[in-house]
Amino acid sequence: MKFTRYPKRDAIRDYFPLPNEIFSFGLSTGEIAVYAYLMYCEDRKTFQCHPSYKTIGNAVGMSKNTVKKYVDSLIEKQLITAEPTSVITQKREKRNGNLRYTIRPIAEALEQYYEQQLIRLHEENRRQAALKKLAEFDRKHGKSAV
């Protein structure tokens, strides 16, 4: 029997894909950790998963509140969507279940991110132009326009 230094691993079964574009968003390490865990949990056919905040927190070493903060941030950046679910207990009571997360296509989220960046740039340019006009007015009239 031949000794192999590294055991063979199935690339599909033993790994999960994390898109390279995720690093274009300027995400914090916590956001990347939560996103990566959701990618790890997702069903590759439906792109959905439903871990609890506690489960995610245990996996990435965060509190439930911190996980919620990062999930909300990922939703805002349109990388994921989350919808509530419900469960029926043995006593036939309806209870809130975990959130069902859907991993959105990275290209759509990246396009949205770039659009937001352009809007911010246009707003900053307009603000700078207004400040320049105010400074010109002050210089001409020797008083403050504000």
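Once a new chain begins, its residue numbering starts again from 1 and follows that chain's sequence as written. Two thresholds apply to this predicted model, a pLDDT of at least 70 for residue-level local features and 80 or more for giving and counting side-chain atom pairs, whereas whole-chain, interface and lining totals are computed over all residues. Think of the side-chain values as coming from all heavy atoms in the structure, minus any hydrogens and water.

Another point: the overall build of the protein. When helices and strands are tallied, the protein shows four helices and five strands. Its helices and strands in sequence order give the protein the pattern α-β-α-α-β-β-β-β-α, from N to C terminus. To get the radius of gyration, use the C-alpha atoms; to get the globule rule, take the number of residues to the power 0.38 and multiply by 2.2 Å. What you see for the protein is a C-alpha radius of gyration of 24 Å, clearly larger than the 15 Å of a compact globule of 146 residues, by over 25%. Dimensions along the principal axes, computed over C-alpha positions, put the protein at roughly 85 × 55 × 25 Å. Exposed residues in this analysis have more than 50% of their type's maximum accessible area, buried residues have under 20%, and partly exposed residues fall in between, with area computed by a 1.4 Å probe over protein chains only. Every one of the 146 residues in the protein was classed for burial, and the buried ones make up 23%. Taking all contacts inside the protein whose residues are at least 6 apart in sequence as the whole, residues at least 24 apart take part in 50%. With the model as given, the accessible surface of the protein reaches about 11,400 Å², and the carbon-plus-sulfur share is 53%. Across the protein, 26 positive and 17 negative side-chain charges occur, with their mean positions spaced 5 Å apart. Going along the chain from the N terminus, every DSSP run of H or I of four or more residues is numbered as a helix, and every run of E of two or more is numbered as a strand. Any two residues whose heavy atoms approach within 4.5 Å at even a single point are treated as in contact. Here the accessible surface of atoms and residues is derived via Shrake-Rupley with a 1.4 Å probe, and residues count as covered only by protein chains that are part of the display. Lys and Arg are tallied as positive, Asp and Glu as negative. Neither His nor the chain termini are counted. By convention, charge coordinates are those of NZ in Lys, CZ in Arg, CG in Asp, or CD in Glu.

Between 30 and 60 degrees the pair is tilted, below 30 it is stacked and above 60 it is edge-to-face, where a pair is any two Phe, Tyr or Trp rings, Trp via its six-membered ring, whose centres lie within 6.5 Å. Evaluated as defined, the whole model comprises three aromatic pairs. Here the aromatic rings of Phe 25 and Tyr 113 are separated by 5.2 Å at their centres, their planes lie at 55°, and the arrangement is tilted. Here Tyr 113 lies in helix α4 (residues 106–141) and Phe 25 lies in the segment before α1 (29–41), a separation of 88 residues in the sequence. Just as Phe 25 is buried, Tyr 113 falls in that class too. Ring centres of Tyr 37 and Tyr 40 lie 5.7 Å apart, and the angle between their planes is 40°; this geometry places the pair in the tilted category. With Tyr 37 and Tyr 40 both in helix α1 and three residues apart, this pair spans about one turn of that helix.

This part covers the nonpolar core. Core analysis: the largest hydrophobic core is formed by 24 residues, its most contacted members being Phe 25, Val 34, Tyr 35, Leu 38, Leu 79 and Ile 80. With six residues, the single largest contributor to this core is α1. Excluding residues that lie within four positions of it along the chain, Val 34 makes contacts with Ile 56, Met 62, Tyr 70, Val 71 and Leu 74. Here, nonpolar core means buried Ala, Val, Leu, Ile, Met, Phe, Trp, Tyr and Cys residues that are tied together by side-chain atoms lying within 4.5 Å of each other.

We call two strands paired when DSSP finds no fewer than two bridges between them. With two bridges connecting them, strand β1 (residues 48–49) and strand β5 (residues 100–103) associate as antiparallel partners. From the neighbouring strand, Cys 49 faces β5, where its bridge partner is Tyr 101.

Further remarks concern α1. Turn by turn, an α-helix covers 3.6 residues, leaving residues three or four places apart pointing in a common direction. For a helix, the expected span equals 1.5 Å multiplied by the number of residues minus one. Between its first and last C-alpha, α1 extends 18 Å over 13 residues, near the 18 Å set by a 1.5 Å rise per residue. For α1, the set of buried residues is Gly 30, Glu 31, Ile 32, Val 34, Tyr 35, Ala 36, Tyr 37, Leu 38 and Met 39. Its buried side turned inward, α1 meets β1, α2 (53–60), α3 (64–76), β2 (80–83), β5 and α4.

Note that every value here comes from positions in space, so none of it alone points to a role or purpose.
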